[in-house]
Amino acid sequence: MADVARLAGVSPMTVSRAFKRDSSVSEATRETILKAADEIGYVFDATASNLRSQKTDFVAVTIPSINNANFADTLRGLSEGLKARGLQTLLGYTDYDIQEEERLIEQLLRRRPEAIVVTGGRHTPRARRMLQNAGIPVVETWDLPEAPIGHVVGFSNALAVRGMVDHFVAQGLTRIAFIGGDADRDTRGSDRREGFIAAMRAQGLDPSRLIAAGAPPISMREGAAAMGRLLDTLPDTQAVICVSDLSAFGALTECQRRGIPVPDRIWIAGFGDYEIAEVSVPSLTTINPFPREIGARTAALLLRVMDGQQEGPATLAIHPQLLIRGSSR
């Protein structure tokens, strides 16, 4: 900072104020300081300033997967909404493991974030206690937990799948299967599976056509393998609902390998409205959970909380959309 000050012909304190956007520094002086800093490759160290102000200017976020397009869209919507306030995101990757989520929550809270955003509403007891006692805004996303810790921006995965089951039954289908992953790890996938079972029972139909596809996240390859087992063991199945679009695409390709026409012989549906669902042949019936909107609304909620404009915990419900495409009628 002293080197920048000498080059710009100002005091180190003026350099500090310029980087903190202090209004006492004129724009002309700030431009001179920024130019000097750029010339010598100086980056302002905000650590000491943050210690004094008790602000770190970042929001901690945990997501289950770093290669899932839905979670990437949520993170994008969140980051874009926070950027205008100068807030950054610090990301933790749980790999669908609530024990790993607990470890990450502890590490992230040690860094004193302005707020923390977690994916899902199920946590270990210790993780829940840490979030409850964090003293910062907490937002649970991608779920509507029965006992929220703080704020919520999400939807019911169970109800979303129940809507698809009801639609299929209304079209005359009765023998419907579900392909999903390890219910102990993917809580949202587990909710979708439970939603399928509840909807089938409510319709007076057999909900036992359940095909496990392995540990989440379920890939196209695992979706194809699960579809193969379904066709081998329950060949009279009329439709299959998959836990994600990736597994649904794998199921579609397995039908194509076997010469089974979709949707003339069997209907296939996914979840997530990934790009692959729209461009596959036939295109996949799916559910759009509006992942980017989840992130954007979470960011807007956090800014209201930080500005003191939000009274009490908020629950913002997202309404997923059923998209009927070529893989069903």
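Residues numbered from 1 in each chain as written. Predicted model: local features only at pLDDT ≥ 70, side-chain atom pairs only at ≥ 80, totals over all residues. Heavy atoms only, no water.

### Quick word on the nonpolar core
F168, I176, F196, M227, I241 and I268 are the most contacted members of the largest nonpolar core, which has 65 residues in total. I268 has contacts with M227, V240, A248, A251, L252, C255, V262, L284, T285 and S327, leaving out every residue within four places of it along the chain. Counting 12 residues, the second largest nonpolar core, distinct from the first, contains I116, V118, L131 and V138. (Core = buried A, V, L, I, M, F, W, Y, C linked by side-chain atoms within 4.5 Å. Buried < 20%, exposed > 50% of the residue type's maximum accessible area, 1.4 Å probe, protein only. Contact = heavy atoms within 4.5 Å.)

### Focus: the pattern of salt bridges
Counted by the stated rule, this structure contains 20 salt bridges. The salt bridge partner of D232 is R258, with a shortest N-O separation of 2.8 Å. Of this pair, D232 sits in helix α10 (residues 220-233) while R258 sits in the loop between α11 (245-257) and β9 (267-269); the two residues are 26 residues apart in sequence, bridging distant segments of the chain. Here D232 falls in the exposed class, since its relative accessible area comes to 54%. Here the residues in one salt-bridge network are E102, E106, R110 and R126, joined through shared partners. (Salt bridge = Lys/Arg side-chain N within 4 Å of Asp/Glu carboxyl O. Helix = DSSP H or I, 4+ residues; strand = E, 2+ residues; numbered from the N terminus.)

### Focus: unusual backbone geometry
In terms of backbone geometry, most residues other than glycine have negative phi values and most peptide bonds are trans. P216 connects to P217 through a cis peptide bond whose omega is 0°. Assignment of secondary structure puts P217 in the loop between β7 (210-212) and α10. With an omega dihedral of -5°, the bond running from V281 to P282 counts as a cis peptide bond. Within the secondary structure, P282 sits in the loop between α12 (275-279) and β10 (286-288). With a phi angle near 65°, W142 is a residue other than glycine that sits in the positive phi range. Relative to the helices and strands, W142 resides in the loop between β4 (138-141) and β5 (151-154). Judged by its relative accessible area of 2%, W142 is buried. Of note in this structure, D273 is not a glycine but carries a positive phi near 55°. By secondary structure assignment, the location of D273 is in the loop between β9 and α12. Since its relative accessible area comes to 23%, D273 is described here as partly exposed.

### Section: the packing of helix α8 (residues 157-170) against helix α9 (residues 187-202)
At a minimum axis separation of 7 Å, α8 and α9 run at an interaxial angle of 40°. As far as their axial angle goes, α9 and α8 are oblique. As α8 packs across α9, the resulting crossing turns out to be right-handed. Contacts from N157, A158, V161, R162, V165 and D166 in α8 reach R188, D191, R192, G195, F196, A198, A199, M200 and A202 in α9. (Axes fitted to C-alpha atoms, helices over the stretch in contact; angles between N-to-C directions. Parallel < 35°, antiparallel > 145°, perpendicular 65-115°, else oblique. Left-handed = near helix turned anticlockwise from the far one by under 90°.)

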